[in-house]
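The primary structure of each chain is shown beneath.
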Amino acid sequence: MNEKSLKVLEQYELEVISTRRGRGSYICETSQGKKLLTNCGSSEKKMIFVNRVLESMRESGYAFADIAAVNKEGNLLTPDRDDIPCILKDWYEGRECDTKNMSDIEQAVKNLAQLHKWMYLVPDEGDTRYVGENMLEELERHNRELRKVYSFVRKRKQKNEFEILFLKCYNMFYEQALEAFQMLGSTGYTQLREKAIKEGSLCHGNFNQHNIWFLGKGQVFVGNFDKCIYGVQLSDLYQFMRKIMEKQDWSEQTGRRILEVYEKENRMGESERIYLYVRLLYPEKFWKLVNQYYNHNKAWTPEKSTEKLKILIKQQEKRNTFLRGLI
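Residues numbered from 1 in each chain as written. Predicted model: local features only at pLDDT ≥ 70, side-chain atom pairs only at ≥ 80, totals over all residues. Heavy atoms only, no water.

Secondary structure summary: the chain contains 10 helices and 10 strands in total. A principal-axis box enclosing the C-alpha atoms of the chain has dimensions of 60 × 45 × 40 Å. When each of the 327 residues of the chain is scored for burial, the buried share is 49%. Within the chain, counting contacts between residues at least 6 apart in sequence, those at least 24 apart form 74% of the total. Total accessible area on the chain stands at roughly 16600 Å², and carbon and sulfur atoms take up 46% of it. Of note, the chain has its 53 positive side-chain charges centred 5 Å away from the centre of its 47 negative side-chain charges. (Helix = DSSP H or I, 4+ residues; strand = E, 2+ residues; numbered from the N terminus. Buried < 20%, exposed > 50% of the residue type's maximum accessible area, 1.4 Å probe, protein only. Contact = heavy atoms within 4.5 Å. Areas by Shrake-Rupley, 256 points an atom, 1.4 Å probe, with all protein chains shown as cover. Lys, Arg positive; Asp, Glu negative; His and termini not counted. Charge placed at Lys NZ, Arg CZ, Asp CG, Glu CD.)

Following this line, the structure appears as structure tokens:
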């Protein structure tokens, strides 16, 4: 987002007092309070849905909803001079969540558990397009992609360091991928998902440290709900937990504490705990690295990808130890 995008502000019924750069955005002080101007990759219809979700959460007690403003034409998305859709929404500045700080992690998890109590919305006609993908279909597709890449790499005559490492660790990770898929299909996931959708259960969809800010006095702001979908809410906990565990070398103490904090607010049933276990069991980071390799220039693999794969392999024993104690 560049300074030309600031012309977008003229399309809103408000007075702009000052602007300054944020991360890929502009933070604006206006006559209607602090706002964030940023590019938006979602459709107008999706952002209308997101606003409905946030307004419902605000009514339920969530004080920091980043609701988008309507422009002079009554739309939420406003194209800039380069025809890139922008959005202007309420904003609350704070300190981003530190993934190495246990206090931050605990506050973030506690806040997520509270958010999940408010994140319910009876679906309107047409809202079915915002239902998350069936995990059985997603994992089956991912496993098919892993097999495809394995076959491709084996046939290559000259292999780089990443490819050699991939072949050495493939069976270890693929066995877990297959086990996770089979377990998901036989432990009540379908019923869990159907119940969540029927009840209007919502997930943030992108719950990570970059979307969590601490405002002081125990106040936590979670923003950027543009990937919000109907589905099993524990997918948010899984997403956050996996990233924290990777950064903390799969510390059993950290993992147990995350679960304790969440369950103090939201007790998991047996099917929910198994669902979380299966999600953590699936080697998603491995799949992402492999998928990234296959869909980019195979003649040159970034050194960073090789280093990430080495870390995954190194962490596998601690990861397995944590998983064994989960259920």
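Two elements, strand S2 (residues 25-30) and strand S3 (residues 33-39), share 6 bridges in a ladder whose sense is antiparallel. From the neighbouring strand, serine 25 faces S3, where its bridge partner is threonine 38. Hairpin connection, S2 to S3: the antiparallel pair is bridged by 2 residues. Bridge count for S3 against strand S5 (residues 85-90) is 5 bridges, and the pairing is antiparallel. Paired with leucine 37 across the two strands is leucine 88, which belongs to S5. (Pairing = 2+ DSSP bridges.)

Below, the discussion takes up the sheet that holds S2. One open sheet holds the 5 strands; their spatial order is S1-S2-S3-S5-S4, and the pairing between them is antiparallel. Of all strands in the sheet, those with a lone pairing partner are strand S1 (16-22) and strand S4 (78-79), marking the two edges.

Among the surface-exposed residues, Lys100, Lys247, Lys304 and Lys308 lie close enough to one another that they form a single positively charged patch. For lysine 308, the location among the structural elements is in helix H10 (residues 303-324). (Patch = residues over 30% accessible without salt bridge, like charges linked within 9 Å, V, L, I, M, F, W, Y side chains within 5 Å. Salt bridge = Lys/Arg side-chain N within 4 Å of Asp/Glu carboxyl O.)

Membership of the largest hydrophobic core comes to 92 residues, with the highest contact counts inside it found for Leu146, Leu237, Phe240, Leu280 and Phe286. In terms of residue count, the dominant contributor to this core is helix H4 (residues 161-185) (11 residues). Not counting chain neighbours up to four residues away, the residues in contact with leucine 237 comprise Val109, Leu112, Ile258, Leu259, Tyr262, Met268 and Leu276. Val8, Leu9, Tyr12 and Cys28 belong to the second-largest nonpolar core, a separate cluster that totals 10 residues. (Core = buried A, V, L, I, M, F, W, Y, C linked by side-chain atoms within 4.5 Å.)

Moving on, we come to the packing of aromatic side chains. For any pair of aromatic rings, the description rests on two quantities: the centre-to-centre distance and the angle between the ring planes. In the structure shown here, the tally under the stated rule is 20 aromatic pairs. Considering the side-chain rings of phenylalanine 64 and tyrosine 92, the 5.3 Å spacing of their centres and the 75 degrees angle between planes classify their relative orientation as edge-to-face. Residue phenylalanine 64 is located in the loop between helix H1 (44-60) and S4, and its partner tyrosine 92 is located in the loop between S5 and strand S6 (95-96); the two are separated by 28 residues in the primary sequence. Overall, the relative accessible area of 15% leaves phenylalanine 64 in the buried class. An aromatic cluster is present here, built from Tyr62, Phe64, Trp91, Tyr92, Trp118, Trp213 and Phe221 joined pairwise through their rings. The lysine or arginine in question, arginine 319, covers the ring of tryptophan 250, its NZ or CZ lying 5.7 Å from the ring centre. (Phe/Tyr/Trp six-rings, centres within 6.5 Å; stacked < 30°, edge-to-face > 60°. Lys NZ or Arg CZ within 6 Å of the ring centre and 35° of its normal.)

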